[in-house]
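Listed below, chain by chain, are the residues.
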Amino acid sequence: QVQLVESGGGLVQAGGSLRLSCAASGRTASSGWFRRAPGKERELIAAINKSGSSVYYADSVKGRFTVSRDNTKNTVYLQMNSLKPEDTAVYYCAVTQKTLGVGMTVSVYDYWGQGTQVTVSS
């Protein structure tokens, strides 16, 4: 069993930046960041493989968000720059211990964080 603790959400003005962290209680493999905006489906916005050598970004965040990891700390990060009001959502990290590559679907992930609210004001 892996427990995840997310931190770093908050309120920021458009154009600002936030960094989300997801600390795991044990070693993890593929990790992803999802978000759910009000009235919308949960979407995968970024994912990273076990070694950190491969990443995925949704088109909506490409060029603005950066996913990274520090395996010595069992922590995954999401650096969010140039934030827009449409980035407002609850952000969730998710991990698996079984998939080494970049996990592209919800079903890949076994453990989920509690979610952290990101609100971008215009």
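One structure accompanies this document, and this report is about it. (Residues numbered from 1 in each chain as written. Predicted model: local features only at pLDDT ≥ 70, side-chain atom pairs only at ≥ 80, totals over all residues. Heavy atoms only, no water.)

## Description of the side chain of Arg35
Consideration 1: Within the secondary structure, Arg35 sits in strand 4 (residues 31–36).
Consideration 2: For Arg35, the side chain forms a polar contact with the side chain of Glu43, separated by 2.8 Å.
Consideration 3: Beyond its immediate sequence surroundings of up to four residues, Arg35 is in contact with Glu41, Arg42, Glu43, Ile45, Ser60, Val61, Phe65, Glu86, Asp87, Ala89, Val90 and Tyr91. (Helix = DSSP H or I, 4+ residues; strand = E, 2+ residues; numbered from the N terminus. Polar contact = N/O pair within 3.5 Å; in protein donor to acceptor, adjacent residues only side chain to side chain. Contact = heavy atoms within 4.5 Å.)

## Focus: the packing of aromatic side chains
Consideration 1: Evaluation of the coordinates by the stated rule reveals 3 aromatic pairs.
Consideration 2: Consider the rings of Phe34 and Tyr109, whose centres lie 5.6 Å apart with planes at 85°: the pair is edge-to-face. Taken as a pair, Phe34 in strand 4 and Tyr109 in the loop between strand 9 (89–95) and strand 10 (111–112) lie far apart in primary sequence, 75 residues in all.
Consideration 3: Under the relative-accessibility criterion, Phe34 is labelled buried at 2%.
Consideration 4: With centroids separated by 6.3 Å and ring planes inclined at 70°, the aromatic side chains of Tyr109 and Trp112 adopt a geometry described as edge-to-face.
Consideration 5: Looking at Tyr109, the relative accessible area reads 5%, which means it is buried.
Consideration 6: Each member of the aromatic cluster is reached from another via a ring pair, and the members are Phe34, Tyr109 and Trp112. (Phe/Tyr/Trp six-rings, centres within 6.5 Å; stacked < 30°, edge-to-face > 60°. Buried < 20%, exposed > 50% of the residue type's maximum accessible area, 1.4 Å probe, protein only.)

## Structural notes on the side chain of Thr96
Consideration 1: Relative to the elements of secondary structure, Thr96 occurs in the loop between strand 9 and strand 10.
Consideration 2: Since its relative accessible area comes to 0%, Thr96 is described here as buried.
Consideration 3: Engagement of the side chain of Thr96 in a polar contact is seen with the backbone oxygen of Val108, the distance being 3.4 Å.
Consideration 4: Ignoring any residue separated from it by four or fewer positions in sequence, one finds Thr96 in contact with Thr28, Ala29, Ser30, Val108, Tyr109 and Asp110.

## A few points about the pairing of strand 8 (residues 75–80)
Consideration 1: Strand 8 sits mainly inside the fold: 5 of its 6 residues count as buried.
Consideration 2: When strand 3 (residues 18–24) meets strand 8, the two strands line up antiparallel, connected through 6 bridges. Bridge pairing in strand 8 places Cys22 opposite Val76.
Consideration 3: The pairing of strand 7 (residues 65–70) with strand 8 spans 6 bridges and is classified as antiparallel. (Pairing = 2+ DSSP bridges.)

## Brief notes about the state of the cysteines
Consideration 1: One pass over the full model with this rule turns up 1 disulfide.
Consideration 2: Covalent S-S linkage joins Cys22 and Cys93, the inter-sulfur distance amounting to 2.0 Å. Its S-S torsion of about 60° marks the bond between Cys22 and Cys93 as right-handed, since a negative value means left-handed. Linking Cys22 in strand 3 with Cys93 in strand 9, this pair joins segments that are 71 residues apart in sequence.
Consideration 3: The exposure class assigned to Cys93 is buried, which follows from its relative accessible area of 2%. (Disulfide = S-S within 2.5 Å.)

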